[in-house]
Amino acid sequence: MFIFFVSCTLKFNVRQFFLFKENCNFRTMQVVLGGVGDSLVSENPFTPKASVIRYWNKEIRREITKTHFLLSKVSPLTAVDSASFSKLAAQNDLASHLPSFCSSAKLFCFPDLSPSLEKHPKDERFAVYSNMNFSNYGTDRLAGVDSFKNYSEDSNIVVDSFHRYSRDSTGHKEQFANYASEGNVVDQNFHSYAASATGGSGNFNNYNREVNNPNLRFSSYGDDSNGHGQTFTQYTENANAGNGQSFSGYGKNGNGVPNEFSSYGKGANVIGSGFSGYGEAANGANDSFTSYGFDSNAPQNTFKSYGDGGNAAVNTFSSYRDQSNVGDDSFQSYAKNSNGEKVDFSNYGQSFNEGTDKFTGYGQGAVVQSIGFKIYGRNSTFKDYAKKEGIVFGRYNNGSSSETAQVKGGSSAVNKWVEPGKFFREKLLKQGTVMPMPDIKDKMPVRSFLPRTIVSKLPFSSSKFGELKRIFHAGDNSTLETVMLDALKECERAPSPGETKRCVGSAEDMIDFATSVLGRNVEVRTTENVKGSKQNIKIGSVKGINGGKVTKSVSCHQSLYPYLLYYCHSVPEVRVYEADILDPKSLEKINHGVAICHLDTSSWSSNHGAFLALGSGPGRIEVCHWIFENDMTWTISDS
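Under an unreviewed UniProt entry, the name given to the chain is BURP domain-containing protein, and the organism recorded is Gossypium arboreum.

Q: Just give me the short version of the overall build of the chain, but keep the residues and values in it.
A: Along the backbone of the chain there are eleven helices and 34 strands. For the chain, buried positions account for 51% of its 639 residues. Put simply, of all contacts in the chain between residues at least 6 apart along the chain, 74% involve residues at least 24 apart. Summed over its atoms, the accessible surface of the chain is roughly 27,100 Å², and 48% of this surface lies on carbon and sulfur atoms.

Q: Account for the packing of aromatic side chains, naming residues and giving values.
A: Applying the stated criterion across every chain, the model contains nine aromatic pairs. With a centroid separation of 5.0 Å and an interplanar angle of 80°, the aromatic rings of Y561 and Y563 are classed as edge-to-face. Look at Y561 and you get buried, because its relative accessible area is 0%. The exposure class assigned to Y563 is buried, which follows from its relative accessible area of 3%. Put simply, the rings of F460, F472, Y561 and Y563 touch in pairs and so form one group of aromatic residues.

Q: Please give an account of helix α4 (residues 98–105) that cites residues and values.
A: Turning to α4, its buried residues number three or more, namely L98, F101, C102 and A105. Down the axis of α4, the buried side of the element spans an arc of 95°, and every buried residue falls inside it. Relative to its buried face, α4 has exposed residues pointing more than 90 degrees away, namely P99 and S103. Lining the buried residues of α4 we find α3 (79–90), α7 (452–455) and α8 (465–471). K106 lies just past α4 and shows a positive phi near 55°.

Q: Could you give me a rundown of the packing of helix α2 (residues 48–59) against helix α10 (residues 507–518), with the residues and numbers involved?
A: Contact geometry of α2 with α10 gives a least axis separation of 10 Å together with a crossing angle of 15°. Classified by the interaxial angle, the pair formed by α2 and α10 is roughly parallel. Between α2 and α10 lies a crossing whose hand is right-handed. Mapping the contact onto sequence places S51, V52, Y55, W56 and E59 in α2 and A507, E508, I511, D512 and T515 in α10. Broken down by class, the residue content of the contact of α2 with α10 amounts to five nonpolar, two polar and three charged.

Q: So, the side chain of E174: which residues are in play, and what are the values?
A: Within the fold, E174 resides in strand β10 (residues 173–179). Among the residues examined, E174 registers a relative accessible area of 1% and is labelled buried. A polar contact is formed between the side chain of E174 and the side chain of H172, at a distance of 3.4 Å. Once residues within four sequence positions are removed from consideration, E174 is found in contact with D146, Y165, S166, Y193, S201, G202, N203, H228 and Q230.

Q: Can you break down the pattern of salt bridges residue by residue, with the values?
A: Evaluated as defined, the whole model comprises 18 salt bridges. Among the salt bridges present, the one from E59 reaches R520, with a minimum N-O distance of 3.5 Å. In this pair, E59 sits in helix α2 while R520 sits in the loop between α10 and β28 (522–525), placing the two residues 461 residues apart along the sequence. With a relative accessible area of 11%, E59 lands in the buried category. As a salt-bridge pair, E481 and K469 come within 2.7 Å of each other at their nearest N and O atoms. Placement of E481 in helix α9 (residues 479–492) and of K469 in helix α8 is noted, with a sequence separation of twelve residues between them. The class for K469 is buried, based on a relative accessible area of 13%.

Q: Give a description of the state of the cysteines that names residues and reports values.
A: Under the counting rule described, the total for this entry stands at four disulfides. Covalent S-S linkage joins C491 and C503, the inter-sulfur distance amounting to 2.0 Å. Between C491 and C503, the S-S torsion sits near -95°, and that sign places the bridge as left-handed. Pair noted here: C491 is in helix α9 and C503 is in strand β27 (residues 501–504), with a separation of twelve residues, a long-range link. Just as C491 is buried, C503 falls in that class too. Residue pairing for C597: its cysteine sulfur links by disulfide to C624, the two sulfurs lying 2.1 Å apart.

Here is what the cut-offs are and how they apply
Residues numbered from 1 in each chain as written. Predicted model: local features only at pLDDT ≥ 70, side-chain atom pairs only at ≥ 80, totals over all residues. Heavy atoms only, no water. Helix = DSSP H or I, 4+ residues; strand = E, 2+ residues; numbered from the N terminus. Buried < 20%, exposed > 50% of the residue type's maximum accessible area, 1.4 Å probe, protein only. Contact = heavy atoms within 4.5 Å. Areas by Shrake-Rupley, 256 points an atom, 1.4 Å probe, with all protein chains shown as cover. Phe/Tyr/Trp six-rings, centres within 6.5 Å; stacked < 30°, edge-to-face > 60°. Arc of directions from axis to C-beta. Axes fitted to C-alpha atoms, helices over the stretch in contact; angles between N-to-C directions. Parallel < 35°, antiparallel > 145°, perpendicular 65-115°, else oblique. Left-handed = near helix turned anticlockwise from the far one by under 90°. Nonpolar A, V, L, I, M, F, W, Y, C, P; charged D, E, K, R; others polar. Polar contact = N/O pair within 3.5 Å; in protein donor to acceptor, adjacent residues only side chain to side chain. Salt bridge = Lys/Arg side-chain N within 4 Å of Asp/Glu carboxyl O. Disulfide = S-S within 2.5 Å.

In structure tokens:
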């Protein structure tokens, strides 16, 4: 039943009335969607939210309440905007209206930065600054200091670009303190930084600390410079899931350039670093890497053409990848054709859980070379270097050494890469249990679903990736390009044995997938809030879904993409529980959690975090975990 209160000077049918309301004066109407009780909402019937409510009530054998968490994820577009953007999508013209589309639809989009025309002829002290494109900054400066104190701090999306920074300067200093720390998705470019500079120095302190998804690029950094040293302190420390950190053309053709990396990638999770053309053809370079990739998880480090053709350089790696977990390293063409270089690795890669490493072309064609490895903990051979003069191995630990076995066998090493409480056994889900809860907070950017009328008109395949890049203004080699491509690859990946999967960008598509697997008598659940995260909790009353019997579910996890995108897949042989979560001291109820226990883990990898945390291995134990914020699980309804 629709009840309208309308005063209008023109005649319209119902659909025209809502799509062309400019000449109408009306009050908000009440709409009864689905015909009963608590579906009563004040909603225009042509909004995306109203459409989802109707769709739910038609497809599922129970009505959705107006406070249901799924409705908070539905597109906030008005009826008029929804129709307008749907038409633009059909005409393949959304790209020209992207800023307004992103804003109105609450999407994750990068700002379009135009070159800055600002001139800064004198020293600058930026206390708070963010999302800026600097061109010709500090160029040809004589002495002086430019400093950025809080640059793009604690931001959701950070897009910064520095072009020709301090180029051809003399005695000029640059200081970056607290640069983009605690950001979410970070995309930063430094082009032609301190190129041909003489004297002076640059310092990056607290650079991208605790950032989620950093993508950092330094190209032509310090090339052709003379004595212009750079220091990186606390670089991407405790960062998470970066698409890549690249240094290309770093210090190339430099003269007497000291570069120091201290606490680089310490405690980071799944971070990739690439150094190419680093110190190439440099004279008297002095590069130092201290605590590089220390205590990190699955790091991916690539050094290519490092110090090649250099003269009288000193390169030092101290505590490289020490105490890290798996990951991959590649050193190719390191100090090739150099003259009088000294390369020293101390405490290299004593990982408790081995990854892979590759050394090729190391010191090849070098003259009067000094290469030292001390306490080398990797399970590799150096057949190419064993006969080279000047190469010294202080202590080499192979996979069977007692020291390596001790590191790998320690309980703290086994557990340190899995947050306490992230995985647990089913027996803990009983009233009175005190246990740690992991950080269940959603770290993704806030986004909304798109209406089905729009998302159905957008391409979603790697074969049409060029069109997707154009629509969302994703530049070549940008973070957004990588983010979108990663999501597409995961969505296009073949399902695992016994798995049914689908990526969904609208609430209607999610409903369709869940009901296709489970039938129409379904419910969807998620943990109520994030209280209790990263602290001990006490389990209150516990209820097993389906009477605690073995069932199947559809779990949906967010993927990073411009609009809200979920990777949904069927999960057979599980038990799902709801549990009150209490403060262990006050016994006050602080949360209502949803947990899922996987009973068949036989197809899981032996290196899965659950087995690192709990011991055992695939198929030998069940594994339980909480449903994190904004993730959800669908099951057959109990009622």
